[in-house]
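The residues making up each chain are set out below.
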Amino acid sequence: MSTIIKKKQFPNYRKYTMDLAGRPLTLETGKIAELANAAVMVTYGETVVLVTATAAARPRDGIDFFPLSVDFEEKMYAVGRIPGSFMRREGRPGEKGILTSRVIDRPIRPLFPGDFRNDVAIMATVMSVDHDCSPEIAALIGTSAALAISDIPWNGPVGALKIGCVDGKLVVNPTKEQADISDLDVTVVSTKKVVMIEAGANEIPNDVMFEAIQLAHNENQKQIALINQMVAEIGKEKFDYPHADFNQELFDKVVAATMDEAREAMDTDDKNVREARWNKLIDHWHELYLEEYPDMDKYLEEFTYKFQKKIVKAWLLEGHRVDGRQKNEIRPLAAEVGILPRVHGSGLFTRGQTQVLSVCTLDMLGAAQKLDTIWPEETKRYMHHYNFPG
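If you're wondering where the values come from, they're calculated on a predicted model, not measured in any experiment.

Undergrad: Tell me what's going on with the overall build of the protein chain, and back it up with residues and numbers.
TA: Check the secondary structure of the protein chain and you find seven helices and 15 strands. Considering only C-alpha atoms, the protein chain reaches an extent of 75 × 60 × 45 Å along its principal axes. Among the 390 residues that make up the protein chain, the fraction classed as buried is 38%. Residue pairs at least 24 apart in sequence account for 63% of intrachain contacts in the protein chain once pairs closer than 6 positions are excluded. By element, 52% of the accessible surface of the protein chain is carried by carbon and sulfur atoms, the whole surface being about 23,900 Å².

This is how it looks when you write it as structure tokens:
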């Protein structure tokens, strides 16, 4: 019996294009990763990123948070390199990859329903890199498009851009040459409102930064219009999901009965005192309502978050801050140097009850870290490590 071979067809394949900062942006869907809830291949210039969005069919049991994971995968073949490890395979993400995952996570997370507990995984795999066209921006746009056209509940889409400032002029999505001499590096993500700003800059006037944010926000609307077109033509209907349990009736009773006590508990500049007072307040809630609502403990963490947020917002509108400071007043500061013997340098900085002990070590240029990533930098002379003791 002879083998029957048929050519695979892709009837759901669609391609959408627009111009973004003088370079073509293409969003393709319906050909790759068909089993994902949605997948979008983003091509910006010659940068190519595949973004997939996948959601679990049922919520994860026993959690009080939204389990979203975002992975920005750097593939060395994207820049024509072989990984430098002994096994010649990619390992854990580099620092830039981790930070890019966070930049993607930050603007999309608040747009999911607050009572959504299904696992959602976003995978942005960098397939090809054109250093004049940011893989970070391509991944953000692809994530927005994939979530928007998928059946995953999400209140998007978003648009994303970088703005630079070269010779006093604002530049949209600067090329590598422009970025190297730019006085500004700001990433702006928008819906109808600005939802995230990630900025680094030399000292520039406030009005220049504000103008850059406005420019990015206005340009983002063009991406949003393109993605909305995709949703109108090929978007899936959002699926229903079991809504996370929240006892609104009990919460309203708690707020009405203990608002004055809660305000008093919050009104201190000492976090330890505030926590001790709030724990006593929770004991009072138990006295009032535990008999009527024996399962109330599972709501306490969310009650605390919502109650404290309500108080802080009301105080801010009144011109009052939680620890009694004025709007233009910062926490008490202290700084010392030479804290540790023998090390090359050390300093202790304190702001309120937050402290940082920094220790500096100097070495020869040969000790610079070699980088094995998709980005242009091959070495790193300045290394900053964070440690958070319990």
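Undergrad: Would you mind going over a negative patch on the surface in detail, with residue names and values included?
TA: Together, Asp260, Glu261, Glu264 and Asp267 line one region of the surface with negative charge. If you trace the backbone, aspartate 267 turns up in the loop between helix H5 (248-266) and helix H6 (271-289).

Undergrad: How would you explain the packing of aromatic side chains if you had to name every residue and give the values?
TA: The geometry of two aromatic rings is summed up by the distance between their centres and the angle between their planes. Applying the stated criterion to the full structure yields 15 aromatic pairs. Centroid distance phenylalanine 116 to tyrosine 241: 4.9 Å. Interplanar angle 65°. Geometry classified as edge-to-face. With phenylalanine 116 in the loop between helix H1 (95-108) and strand S6 (118-128) and tyrosine 241 in the loop between helix H4 (206-234) and H5, the pair connects residues that are 125 residues apart, well separated along the chain. As far as burial versus exposure is concerned, phenylalanine 116 and tyrosine 241 are alike and both buried. Relative to phenylalanine 307, the ring of phenylalanine 251 has its centre 6.4 Å away and its plane inclined at 80°; by these criteria the two rings are edge-to-face. Taken together, the positions of phenylalanine 251 in helix H5 and phenylalanine 307 in helix H7 (residues 300-318) put the pair 56 residues apart, joining distant regions of the chain.

Undergrad: Give a description of the side chain of arginine 274 that names residues and reports values.
TA: With respect to the secondary-structure elements, arginine 274 resides in helix H6. Apart from residues lying up to four places away in sequence, arginine 274 is in contact with Ala265, Met266, Thr268, Asp269 and Val322.

Undergrad: Which residues make up the nonpolar core, and what values do they have?
TA: Ranked by internal contacts, the top residues of the largest apolar core, which has 63 residues, are Leu27, Ile108, Phe112, Val120 and Ile122. Setting aside its immediate chain neighbours within four residues, isoleucine 122 contacts Val51, Thr52, Ala53, Leu68, Ser69, Val70, Asp71, Ile108, Thr143 and Leu147. Counting 21 residues, the second-largest nonpolar core is a separate cluster that includes Leu250, Phe251, Val255 and Tyr299.

Undergrad: I'd like a description of the sheet that holds strand S1 (residues 14-20), backed by residues and values.
TA: Hydrogen bonds along the backbone pair up the strands of a sheet, which may run parallel or antiparallel. The sheet built from six strands is open, its strands ordered S1-S2-S3-S4-S6-S5 with mixed pairing. Either end of the sheet is taken by a strand with one partner, and the two such strands are S1 and strand S5 (68-74). Along the sheet, successive strands turn relative to each other by an average axial angle of 15°, direction set aside. As paired elements, S5 and S6 share seven bridges and run parallel to each other. Its bridge partner lying in S6, aspartate 71 is registered against methionine 123.

Undergrad: Tell me about H7, residues and numbers included.
TA: When the terminal C-alpha atoms of H7 are compared, their 27 Å separation across 19 residues agrees well with the 27 Å that a helix rising 1.5 Å per residue should span. Those residues of H7 that fall on the buried side of the exposure criterion are Leu300, Phe303, Thr304, Phe307, Ile311 and Trp315. With its buried residues spanning 100° around the axis, H7 presents them on a single face. Looking at H7, the residues exposed on the side facing more than 90 degrees away from the buried face are Glu301, Tyr305, Lys309, Lys313 and Leu317. Where H7 is buried, its residues contact H5 and H6. In the segment just after H7, glycine 319 is the residue with positive phi, at about 85°.

Undergrad: Provide a residue-level description of the sheet that holds strand S7 (residues 159-166), including the pertinent values.
TA: Taken in spatial order, the four strands make up an open sheet running S8-S7-S9-S10, and their pairing is antiparallel. Pairing within the sheet leaves two strands with one partner each, and these edge strands are strand S8 (169-172) and strand S10 (194-201). Neighbour-to-neighbour, the strand axes of the sheet open up by a mean angle of 20°, direction not taken into account. Sheet topology note: the S7/S8 ladder contains four bridges and is antiparallel. Looking at the pairing, valine 166 lines up with lysine 169 of S8. The sheet strands contacting helix H2 (residues 135-149) are S7 and strand S9 (184-190), and the helix crosses S7 at an angle near 155°.

Undergrad: Could you give me a rundown of the environment of threonine 354, with the residues and numbers involved?
TA: Mapped onto the elements of the fold, threonine 354 is located in strand S13 (residues 354-360). Accessibility expressed as a relative area gives 39% for threonine 354, which makes it partly exposed. If near-sequence neighbours (up to four positions away) are discounted, threonine 354 is found in contact with Lys271 and Phe349.

Reading guide: rules and limits
Residues numbered from 1 in each chain as written. Predicted model: local features only at pLDDT ≥ 70, side-chain atom pairs only at ≥ 80, totals over all residues. Heavy atoms only, no water. Helix = DSSP H or I, 4+ residues; strand = E, 2+ residues; numbered from the N terminus. Buried < 20%, exposed > 50% of the residue type's maximum accessible area, 1.4 Å probe, protein only. Contact = heavy atoms within 4.5 Å. Areas by Shrake-Rupley, 256 points an atom, 1.4 Å probe, with all protein chains shown as cover. Patch = residues over 30% accessible without salt bridge, like charges linked within 9 Å, V, L, I, M, F, W, Y side chains within 5 Å. Salt bridge = Lys/Arg side-chain N within 4 Å of Asp/Glu carboxyl O. Lys, Arg positive; Asp, Glu negative; His and termini not counted. Charge placed at Lys NZ, Arg CZ, Asp CG, Glu CD. Phe/Tyr/Trp six-rings, centres within 6.5 Å; stacked < 30°, edge-to-face > 60°. Core = buried A, V, L, I, M, F, W, Y, C linked by side-chain atoms within 4.5 Å. Pairing = 2+ DSSP bridges. Axes fitted to C-alpha atoms, helices over the stretch in contact; angles between N-to-C directions. Expected span 1.5 Å × (residues − 1). Arc of directions from axis to C-beta.

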